[in-house]
Amino acid sequence: MEEDIVQIMPDEPFIFACHSGVACFNECCRDLNQFITPYDMVRMRKSLGLSCEEFLSKYTSRHIGPESGLPVVTLKPNPADGLTCPFVTPEGCSVYNDRPASCRMYPLARAVTRSRETGQLMEHFALIRESHCKGFSEGKSQTPLEWVENQGLKKYNEMNDLLLEIISLKNQKKSGPVDFKEELMVHMAFYDLDSFRTHIFEKGLLGEFNLDERIMEKIKTDDVELLKLGFEWIKRVLFT
Ligand code: SF4
Ligand code: SF4
């Protein structure tokens with residue numbers, strides 16, 4: 001598969017559209033080594049109505065991220081069907097409204113850096129042209145900033161940028177994989193929110209944080225708030 005990656009400015013138009021009428025429909029939903037971010041998992045799990053344990057065991061494999069040294073999960077492809085994504089159907093993505101950020105972002109890639117001058121995060125984009133993808137002949141023009149808006153990526157980017165900050169702190173503090181105890185803590189706070197919640201409410205984890213009642217009430221049911229708390233816990237306890 002040929003691939004051409006070029007930098008594109010946030011307000012620079014590019015031509016692309018993807019829909020069920022393209023000849024390559026669903027071609028990109030196979031043979032992917034697809035990392036799932038913690039926020040991706042919150043969204044997909046909610047869409048499927050599964051517990052963390054059910055989602056993790058049915059759909060994912062666990063690894064240590066080669067660059068971050070932190071635990072990550074990838075989607076298990078279907079070996080009986082050309083290594084397709086477990087969520088692809090002849091009609092398209094079965095979790096479309098809650099599909100992962102990487103699926104929404106394609107054919108763009110996004111990176112963020114922090115300005116040394118202002119401390120603000122700056123977004124950078126690249127356009128990935130793969131030979132099998134016919135979407136570049138579909139004639140719809142938009143900029144990367146419009147793509148982010150139209151694909152519902154704002155919340156994903158906000159949550160995934162919190163994760164990037166932790167990876168950066170971790171790599172400043174120590175390179176290579178985290179130790180086994182740290183791995184268990186990070187996996188629970190990032191991917192096993194049901195266990196994290198049980199540890200907080202039944203085993204007194206985070207007691208020293210003196211969380212106010214409003215937060216405690218919220219995290220009983222709100223997985224996004226619980227994940228933000230998990231990021232904060234890991235950041236404070238392991239990497240600052
Ligand atoms: S146009 Fe590109 S993104 Fe859309 S289905 Fe085809 S390969 Fe996938
Ligand atoms: S989650 Fe949906 S869009 Fe993403 S690879 Fe799987 S089927 Fe395709």
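Residues numbered from 1 in each chain as written. Chains lettered and ligands numbered in written order. Predicted model: local features only at pLDDT ≥ 70, side-chain atom pairs only at ≥ 80, totals over all residues.

A. Broad picture of helix 2 (residues 52-59). Looking at helix 2, one finds that the buried residues are Phe55, Leu56 and Tyr59. Each buried residue of helix 2 sits inside an arc of 105° when the element is viewed along its axis, so together they form one side. In this structure, helix 2 carries Glu53, Ser57 and Lys58 as exposed residues pointing more than 90 degrees from its buried face. On its buried face, helix 2 sits against helix 1 (38-48), strand 4 (60-64) and strand 5 (71-75). (Buried ≥ 20, exposed ≤ 12 C-beta atoms within 10 Å, placed from the backbone. Helix = DSSP H or I, 4+ residues; strand = E, 2+ residues; numbered from the N terminus. Arc of directions from axis to C-beta. Contact = placed C-beta atoms within 7 Å.)

B. Seen up close, the pairing of strand 5. Bridge count between strand 3 (residues 35-36) and strand 5: two bridges; the pairing is antiparallel. If you follow Phe35 over to strand 5, its bridge partner there is Thr74. In this structure, strand 4 lies alongside strand 5, joined through five bridges in antiparallel fashion. Pairing of His63 across the sheet is with Val72, part of strand 5. Taken together, strand 4 and the strand that follows it, strand 5, pair antiparallel across an intervening segment of six residues, in which Gly69 is found at a positive phi of about 75°. (Pairing = 2+ DSSP bridges.)

C. Looking closely at the site of ligand 1. All residues in the neighbourhood of ligand 1 are listed as Cys18, Val22, Cys24, Phe25, Asn26, Glu27, Cys28, Tyr106, His132, Cys133, Lys134 and Gly135. Its residues assigned to classes, the shell around ligand 1 comprises seven nonpolar, three polar and two charged. (Near = placed C-beta within 6 Å. Nonpolar A, V, L, I, M, F, W, Y, C, P; charged D, E, K, R; others polar.)

D. Region of the structure containing the sheet that holds strand 4. Reading across from one edge, 3-5-4 is the order of the three strands in this open sheet, with antiparallel pairing throughout. Looking at which strands have only one partner, the edges of the open sheet turn out to be strand 3 and strand 4.

E. Up close: the nonpolar core. Residues Val186, Ala189 and Ile234 are the most contacted members of the largest nonpolar core, which totals 34 residues. Those elements that provide at least two residues to this core are helix 1, helix 2, strand 5, helix 5 (154-173), helix 6 (180-190), helix 7 (193-203) and helix 9 (223-238). If one sorts the elements of this core by residue count, helix 9 sits on top with six residues. Excluding anything up to four places from it in sequence, Ile234 contacts Ile166, Met185, Val186, Ala189 and Phe239. (Core = buried A, V, L, I, M, F, W, Y, C linked by C-beta atoms within 7 Å.)

F. Quick look at the domain arrangement of the protein chain. What the domain assignment reports for the protein chain is domain 1 (3-158) and domain 2 (162-238). Each of domain 1 and domain 2 was reduced to a C-alpha centroid, and the two centroids are 24 Å apart. Counting from both sides, the interface comprises 16 residues of domain 1 and, opposite them, 20 residues of domain 2. Counting only elements with at least two residues in the side of domain 1 that touches domain 2, the list comes to helix 1, helix 2 and strand 5. The greatest single-element share of the side of domain 1 that touches domain 2, amounting to four residues, is contributed by helix 1. Here the residues of the side of domain 1 that touches domain 2 sort into 11 nonpolar, four polar and one charged. (Domains from an automatic or database assignment.)

G. Just the environment of Asp223, in detail. Structurally, Asp223 can be placed in helix 9. When near neighbours in sequence (up to four residues on either side) are disregarded, Asp223 contacts Val42 and Leu193.

H. Representation of the sheet that holds strand 1 (residues 3-8). Pairing is antiparallel across the open sheet formed by three strands, whose spatial order is 1-9-8. The sheet terminates laterally at strand 1 and strand 8 (108-114), the two strands that pair on one side only. Ignoring which end each strand starts from, the neighbouring axes of this sheet average 25° apart. One ladder, built from seven bridges, connects strand 8 with strand 9 (residues 121-130); its direction is antiparallel. Looking at strand 9, one finds that Arg114 is bridged to Leu121. (Axes fitted to C-alpha atoms, helices over the stretch in contact; angles between N-to-C directions.)

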